[in-house]
Amino acid sequence: MPPTAGTDGNRVFLQLGRPPEEPNQFNHPDAPRAYSDEVRARLEADAKEIIARYPQPRSAIIPLLHLVQAEDSYITPAGMSFIAEVLGMTGADVAGVASFYSMYRRKPTGEYLVGVCTNTLCAVMGGDAIYDALKEYLDVNDEQTTADGKVTLERIECNAACDCAPVMMVNWEFFDQQTPESARDLTDALRSGAEVRPSRGLPLTSFRETARVLAGFADGRPDDGQGGPAGPTLAGLRFAQEHGMSAPDSDGSAQ
């Protein structure tokens, strides 16, 4: 924080660089700075398999970020240093990519990442009320995680499921048409270890296991054809087809 002269001749101090308290940076105080030899050897084997899929090693940065997130539950200095080394990149390069995408976490994540969509339509349909109810009910800490480490709560951006608003996601699996009551029941089931089925998609797995799948490794979950609700848009399309309805032509006349 070097001194400089103000217009009145008095010395003032300018803060250079990022303030340590600035949120959303990869500087969690408990984050590992380096991996043990055992962890590193395991990650190197996985990274070698991932990198081999791409013509240029640095193209593997996205799945490698998921790989280290599967190890730590969030992006840590140890993870970023590992990626920079195996790809021959700088730490700034890795941080620049990791900070661009909201799926890469800055803080430790519980076994279940519960995201409540509070974008416009979901908010109007009750998303904000669901989030507020869960935050109070779960009594999360400053890192939005329950005391037992089972659930981390966050607001999420639109996941293109507006037909089924308000929508929640647990480890990126959809839970459609939620209410504050159903959301509380869902988190109770997650914390108790009960079997929980998403509205559609594959059965739930832990956040770290999900991150490993996103890194490109085999997903052993059974695909039993879960469909979920069709949604108002598809229902409206079917109704229009059954009744011979169509959109107006460009000149404003219906066909």
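Residues numbered from 1 in each chain as written. Predicted model: local features only at pLDDT ≥ 70, side-chain atom pairs only at ≥ 80, totals over all residues. Heavy atoms only, no water.

Q: Quick one: what's the story with the pattern of salt bridges, residue by residue and with numbers?
A: Taken as a whole and assessed by the stated rule, the structure comprises 15 salt bridges. The residue R40 makes a salt bridge to E44 at a minimum N-O spacing of 3.0 Å. Residue R40 and its partner E44 are both found in helix α1 (residues 37–51); the two are separated by four residues, about one turn of the helix. The network of salt bridges with shared partners includes R40, E44 and E85. (Salt bridge = Lys/Arg side-chain N within 4 Å of Asp/Glu carboxyl O. Helix = DSSP H or I, 4+ residues; strand = E, 2+ residues; numbered from the N terminus.)

Q: I'd love a proper account of the environment of M169, names of residues and values included.
A: Relative to the helices and strands, M169 resides in strand β5 (residues 168–170). With a relative accessible area of 4%, M169 lands in the buried category. Residues M169 and P198, 29 residues apart in the sequence, show an inter-C-alpha distance of 8.5 Å. Once residues lying within four places of it in the same chain are set aside, the contact partners of M169 are L113, V114, G115, I156, N159 and F174. (Buried < 20%, exposed > 50% of the residue type's maximum accessible area, 1.4 Å probe, protein only. Contact = heavy atoms within 4.5 Å.)

Q: Pulling in residues and values, what's your account of the nonpolar core?
A: L64, L65, L67 and I83 are the most contacted members of the largest nonpolar core, which has 26 residues in total. When contributions to this core are tallied by element, the ones reaching two or more residues are α1, α2 (61–72), α3 (77–87) and α4 (91–98). The contact partners of L65, leaving out residues within four places of it in the chain, are I75, I83, V94, V97, A98 and Y104. In terms of nonpolar packing, the next biggest core, distinct from the first, is built from 19 residues, V116, V140, F175 and A183 among them. (Core = buried A, V, L, I, M, F, W, Y, C linked by side-chain atoms within 4.5 Å.)

Q: Talk me through the sheet that holds strand β3 (residues 112–117); I want residue IDs and the actual numbers.
A: Sheet architecture is open: four strands sit in the order β4-β3-β5-β6, paired in mixed fashion. Single-partner strands in this sheet number two, and they are β4 (151–156) and β6 (173–175). Direction aside, the axes of adjacent strands within the sheet are offset by 25° on average. Inspection of the sheet shows β3 paired to β5 by three bridges, in the antiparallel sense. Opposite V116, over in β5, you have M168 as the bridge partner. Running at roughly 155° to β4, helix α6 (residues 127–138) makes contact with β3, β4 and β5 of the sheet. Here helix α7 (residues 180–192) sits on the sheet in contact with β3, β4, β5 and β6, set at roughly 5° to β5. (Pairing = 2+ DSSP bridges. Axes fitted to C-alpha atoms, helices over the stretch in contact; angles between N-to-C directions.)

Q: Just give me the short version of the environment of D163, but keep the residues and values in it.
A: With respect to the helices and strands, the residue D163 is situated in the loop between β4 and β5. Given a relative accessible area of 28%, D163 falls into the partly exposed group. For the pair D163 and D176, spaced 13 residues apart in sequence, the C-alpha separation works out to 8.9 Å.

Q: So what's going on with α7? Which residues, and what values?
A: With 13 residues, α7 extends 18 Å between its outermost C-alpha atoms, agreeing within 8% with the 18 Å of an ideal straight helix rising 1.5 Å per residue. All buried positions along α7 are accounted for by A183, L186, T187, A189 and L190. The buried side chains of α7 occupy one side of the element, clustering within an arc of 155° when seen end-on. Turned more than 90 degrees away from the buried face of α7, the exposed residues are D185 and S192. In this fold, the buried residues of α7 make contact with β3, α6, β5 and β6. (Expected span 1.5 Å × (residues − 1). Arc of directions from axis to C-beta.)

Q: Lay out empty space enclosed by the protein with the relevant residues and their values.
A: The final tally for this structure, using the stated rule, is one cavity of 30 Å³ or more. Approximately 40 Å³ is the volume attributed to the largest cavity. Lining the largest cavity we find C117, C122, I156, N159, A160, A161, C162 and V167. Split into classes, the residues belonging to the lining of the largest cavity amount to seven nonpolar, one polar and no charged. (1 Å grid on protein atoms, 1.4 Å probe; cavity = no way out; pocket = protein on both sides within 12 Å on 5 of 7 lines; lining within 4 Å. Points joined across faces, edges and corners; volume = space filled by probe spheres on them. Nonpolar A, V, L, I, M, F, W, Y, C, P; charged D, E, K, R; others polar.)

By themselves, these are just geometric observations and shouldn't be taken as functional.
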